[in-house]
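# Geometric and topological summary
Chain residues, written in single-letter form:
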Amino acid sequence: MTKQEQVKAIFIEEAGEIIEKLDVDILRFEENSADFDLLNEIFRGVHTLKGNANAFGFTRLGEFVHHFEDVLDHYRSSKEEVEEHHLELFVGSVDIIKEVMTCELDALPDLPSDYGECLFKIKNLISSKRNGGVLVVEVQSQEPMMIDLASEFGLNCDDQFESDMANSIQIHQMSQEEGLNLYRIDLTLDRDAYKRGFDHLLFLGLLKEKAVSLESFFNLENIQPLESFNSDENAIVHAGIVLLTPQSAEEVSENFEFLFDHEYAVKTIPLPAAEKVQTPLVEEPLIEMRAGEDRRASDRRETGSVTASKSTIRIDTFKLDELFDSVGELVIAQNFIAQNEKISAIEDESISRTIETLSKITKRIQDRVMSLRMVAIRDTFDKMKRVVRDTSKKTGKELHLNVQGEETEIDKTMIDSLSDPLIHIIRNAIDHGLEADATERLAAGKKVEGNITLRAYHKSGSIVISVSDDGRGINKDKVYRKAIERGIISGDENLTDSQIFGLIMQPGFSTADAISDLSGRGVGLDVVKTSIEKLRGKIEIESKEGEGTTFSMVLPLTLAIIDGMLVQAAGEIYIIPTLSVVESFRPEQEIVHALKEKGEFVSLRGQHLPIIRLSDIFELSTQRIEPWEGILVCVETESGRIAIMVDELVGRQQVVIKPLGKSLAKLKEISGGAILGSGDIALILNVDELRPLMEATNV
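Residues numbered from 1 in each chain as written. Predicted model: local features only at pLDDT ≥ 70, side-chain atom pairs only at ≥ 80, totals over all residues. Heavy atoms only, no water.

## Points about unusual backbone geometry
In this model, Ala570 sits at a positive phi of 55°, which is unusual for a non-glycine residue. Residue position: Ala570 is located in the loop between β13 (561-569) and β14 (572-577). Of note, Arg605 is a non-glycine position whose phi angle comes to about 50°, a positive value. Secondary-structure assignment places Arg605 in the loop between β17 (599-604) and β18 (607-613). Note on Arg605: relative accessible area 66%, which makes it exposed. (Helix = DSSP H or I, 4+ residues; strand = E, 2+ residues; numbered from the N terminus. Buried < 20%, exposed > 50% of the residue type's maximum accessible area, 1.4 Å probe, protein only.)

Here it is, written out as structure tokens:
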């Protein structure tokens, strides 16, 4: 990859982050349009996107964000509150930005269908604002004669420029008060600055926001004659700004952070000599801040500072995966040393301390490396706010979104796979869960506004992400009848409420009376189920008719490590994911039953659970014992509970999951392998695939 391609890849990644943040911020601004700090944040994002887009030739994106930036700049500069009917235009503009970015990346010739209409509305809006609320329609007219700028202003030498700057500085020094800083700023923008999205007036606008006084000077000596003048190129070689502001030099320099080092210089002007005599403070030297000298330089100058500045660094996830694998090997090696019988036989206190220290350090490294992959779920939840807003408008239902547990951390690889399942569940909750209209809700004794609660929390070593609504709930009888009608169940099964609710996750299952573009086609929830199972998680559904429904996605903390119960069967060690384990017990002979051609069952609190022998599943030659002579592990599967028969419970521990290769990957009963401290390999059971083998192994 060339240097240009690397830079472009960085831009694409940063642009994606900017657009994602715009999507979240614009919704927050829609809720509170008087928050001008948030409007400034949106403006900075759009401004950065404009400069970068033009720099890499994404002109269509650059043009759109340029005009959108003008609108934002008007409102943030005038402090005028955005009209409610224009907020929808702001939200729609961010949608267009996302779509145009996709078109630019994929080099598509056609723009989004709403591009022209949205751009027209933005141009009309800024035109009306600039003309006192009067909409100005562009008409063709004869161009007036233009006056040469150099002759108009008469600045034809550097001496005059420097003289004017010096006079301005002297005047400002006389009016300088305590708490105000005086700066001289020199701008020498390159000729391609306009194409990169920068101009002198832009920076003047940024600086004046917090300025007490600002004066600018332009050296127009080298302006080309009008006949050869190119409006697309910057011809103003040198411009100067005298700024009086309470901001520090670092804060002023932040306005120019996207320029090249040679394009700007910020100098702090000290107080006049007379002032310095009256103050006991030590005179500070002239400070020059450029792009290469950032806030870290300021931190170094501050003595007595005990808090280091926080910084971040971008790391390829592939490198993190390699590091994680290496730490996994380190854990295995450490366990091998700690459990080695020959080493344990050495009665030496120093060796024991060394092994104990190694164990602590290894555990600490493992925890730190795991934390590198963990990110807060806040960003994913923020994206869902947009889904809720759009679905609410499309269905015409008033609702309020409650978000809890935004700081809960989860594996980055899992975050990327959660968006689609969450979108499906939220849309289903709004369109299919909440009552159809306000009258129905009022009749049920509820408020007109519906409630959707999005929550993330830890539970028993797992992460739970739930979506709750206070709607009509699930009609259990209707679901049961529909399942019988479709042949999903025969009708003679004794199903629990949770098992009946789980039937709605079957492909093509739907109880909707009418089909909409959001739900009712029987698609969506089966996609959710498949996606969550790929993450080695499960879905639990709770519902009370007339009160509401809760979908809970129970997920492991990370995809790389699993918390498992180690069991022994037929001389082999197997791992059952702890997430699936309900309980383990040694059954009494009276509760074990055998049915011809149906296999063995155990009665547990009114339920008949099929007994699965691992020796039969994997065709292991071993002495056959009776169920009451062994141990049964009750596990929850998608088809209900089963009892896995084992010889012994070895223990519980976290293990690093390893792939088994192409040949063993075909075994659906196995989801992976793990290397134990002894160096042996243990197979991780896929409990959902054990139940179908029951009849084949017991016939």
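After that view, the rundown keeps rolling.
## Description of the environment of Lys363
Along the chain, Lys363 falls in helix α14 (residues 349-373). It is 9.6 Å that separates the C-alpha atoms of Lys363 and Val327, two residues lying 36 residues apart in sequence.

## With respect to the sheet that holds strand β23 (residues 681-685)
Judged by pairing direction, the sheet is mixed, and its five strands sit side by side in the order β21-β13-β14-β23-β22 without closing on themselves. Of all strands in the sheet, those with a lone pairing partner are β21 (648-656) and β22 (670-675), marking the two edges. Strand-to-strand twist of the sheet, defined as the mean angle between neighbouring strand axes without regard to direction, takes the value 35°. (Pairing = 2+ DSSP bridges. Axes fitted to C-alpha atoms, helices over the stretch in contact; angles between N-to-C directions.)

## Some words on the sheet that holds strand β19 (residues 631-637)
Read from one edge of the open sheet, six strands run β15-β19-β20-β18-β17-β16, paired in mixed fashion. Among the strands making up the open sheet, the edge pair consists of β15 (581-585) and β16 (592-595). Neighbour to neighbour, the strand axes of the sheet diverge by 35° on average, direction disregarded. As paired strands, β15 and β19 are joined by four bridges and run antiparallel to one another. Bridge assignment links Val581 to a residue of β19, and that residue is Val635.

## Thoughts on the pattern of salt bridges
Per the stated rule, a full pass over the model turns up 40 salt bridges. A salt bridge links Arg389 to Glu88; the nearest nitrogen and oxygen atoms lie 2.8 Å apart. Here Glu88 lies in helix α4 (residues 84-105) and Arg389 lies in helix α15 (residues 378-395), a separation of 301 residues in the sequence. We classify Arg389 as buried; its relative accessible area is 11%. Judged by its relative accessible area of 40%, Glu88 is partly exposed. Glu406 serves as the salt-bridge partner of Arg378, at 3.6 Å between the closest nitrogen and oxygen. Note that Arg378 is positioned in helix α15 and Glu406 in the loop between β7 (399-404) and β8 (409-411), a separation of 28 residues in sequence. Exposure remark for Arg378: the relative accessible area of 33% places this residue in the partly exposed category. Linked by salt bridges that have partners in common, Asp23, Glu30, Glu88, Asp95, Lys98, Arg386, Arg389, Asp390 and Lys393 make up one network. (Salt bridge = Lys/Arg side-chain N within 4 Å of Asp/Glu carboxyl O.)

## Describing empty space enclosed by the protein
Tallied over the entire structure, the rule returns two cavities of 30 Å³ or more. Reported here for the largest cavity is a volume of approximately 50 Å³. Surrounding the largest cavity, Thr317, Leu320, Asp321, Arg373, Asp411, Lys412 and Thr413 form its lining. When contributions to the lining of the largest cavity are tallied by element, the ones reaching two or more residues are α12 (317-339) and α16 (412-433). Here the lining of the largest cavity gets three residues from one element, more than from any other, and that element is α12. A breakdown of the residues in the lining of the largest cavity according to their chemical character gives one nonpolar, two polar and four charged. (1 Å grid on protein atoms, 1.4 Å probe; cavity = no way out; pocket = protein on both sides within 12 Å on 5 of 7 lines; lining within 4 Å. Points joined across faces, edges and corners; volume = space filled by probe spheres on them. Nonpolar A, V, L, I, M, F, W, Y, C, P; charged D, E, K, R; others polar.)

## Quick look at the pairing of strand β9 (residues 450-459)
Both β7 and β9 contribute to a ladder of six bridges, which runs parallel. Looking across to β9, one finds that Leu399 is bridged to Gly450. As paired elements, β9 and strand β10 (residues 462-469) share eight bridges and run antiparallel to each other. Note that in β10 the partner of Lys459 across the bridge is Ser462.

## Thoughts on the packing of helix α3 (residues 59-78) against helix α5 (residues 115-130)
For the pair α3 and α5, interaxial distance at closest approach is 10 Å and the crossing angle is 35°. The crossing of α3 and α5 is left-handed. Mapping the contact onto sequence places Arg60, Glu63, Phe64, His67, Phe68, Asp70, Val71, His74 and Tyr75 in α3 and Tyr115, Cys118, Leu119, Ile122, Lys123, Leu125, Ile126, Lys129 and Arg130 in α5. Here the residues of the contact of α3 with α5 are counted per class, giving ten nonpolar, two polar and six charged. (Left-handed = near helix turned anticlockwise from the far one by under 90°. Contact = heavy atoms within 4.5 Å.)

## Some thoughts on the nonpolar core
Grouped together as the largest cluster of nonpolar side chains are 61 residues, with contacts concentrated most on Phe90, Ile185 and Phe256. Broken down by element, this core gets its largest block of residues, nine residues, from α4. Apart from residues lying up to four places away in sequence, Phe256 is in contact with Ile185, Leu187, Phe203, Leu207, Tyr264 and Val266. One finds Val388, Leu401, Leu422 and Phe551 within the second-largest nonpolar core, a separate group that totals 40 residues. (Core = buried A, V, L, I, M, F, W, Y, C linked by side-chain atoms within 4.5 Å.)

## Some remarks on the environment of Ala249
If you trace the backbone, Ala249 turns up in helix α9 (residues 249-253). Overall, Ala249 belongs to the buried group, its relative accessible area being 8%. Residues Ala249 and Leu182 lie 67 residues apart in sequence; the distance between their C-alpha atoms is 9.3 Å.

## Here we look at the packing of aromatic side chains
Counted by the stated rule, this structure contains seven aromatic pairs. Look at Phe203 and Phe256: their rings are 5.2 Å apart centre to centre, the planes differ by 40°, and that puts the pair in the tilted class. With Phe203 in helix α8 (residues 200-208) and Phe256 in the loop between α9 and β4 (264-269), this residue pair connects regions lying 53 residues apart in the sequence. Phe256 shares its class with Phe203; the two are buried. Among the aromatic side chains, those forming a connected cluster through ring pairs are Phe198, Phe203, Phe256 and Tyr264. Across the ring face of Phe43, the terminal group of Arg76 is positioned such that the distance to the ring centre comes to 3.6 Å. Seen from the ring of Tyr457, Arg455 lies directly overhead, with NZ or CZ sitting 4.0 Å from the centre. (Phe/Tyr/Trp six-rings, centres within 6.5 Å; stacked < 30°, edge-to-face > 60°. Lys NZ or Arg CZ within 6 Å of the ring centre and 35° of its normal.)

## So, the side chain of Ser552
Tracing the sequence through the fold places Ser552 in strand β12 (residues 548-556). For Ser552, a relative accessible area of 11% translates into the label buried. Apart from the residues lying within four places of it in its own chain, the contact partners of Ser552 are Val464, Ile465, Ser466, Lys538, Ile539 and Glu540.

## A word on the packing of α4 against α15
With their axes 14 Å apart at the nearest point, α4 and α15 run at an angle of 120° to one another. Here α4 lies oblique to α15, going by the angle between them. With respect to the hand of their crossing, α4 and α15 are arranged in left-handed fashion. For the pair formed by α4 and α15, the contact residues are Glu88, Val91, Asp95 and Lys98 on the first element and Arg386, Arg389 and Lys393 on the second. In terms of residue class, the contact of α4 with α15 is built from one nonpolar, no polar and six charged. (Parallel < 35°, antiparallel > 145°, perpendicular 65-115°, else oblique.)

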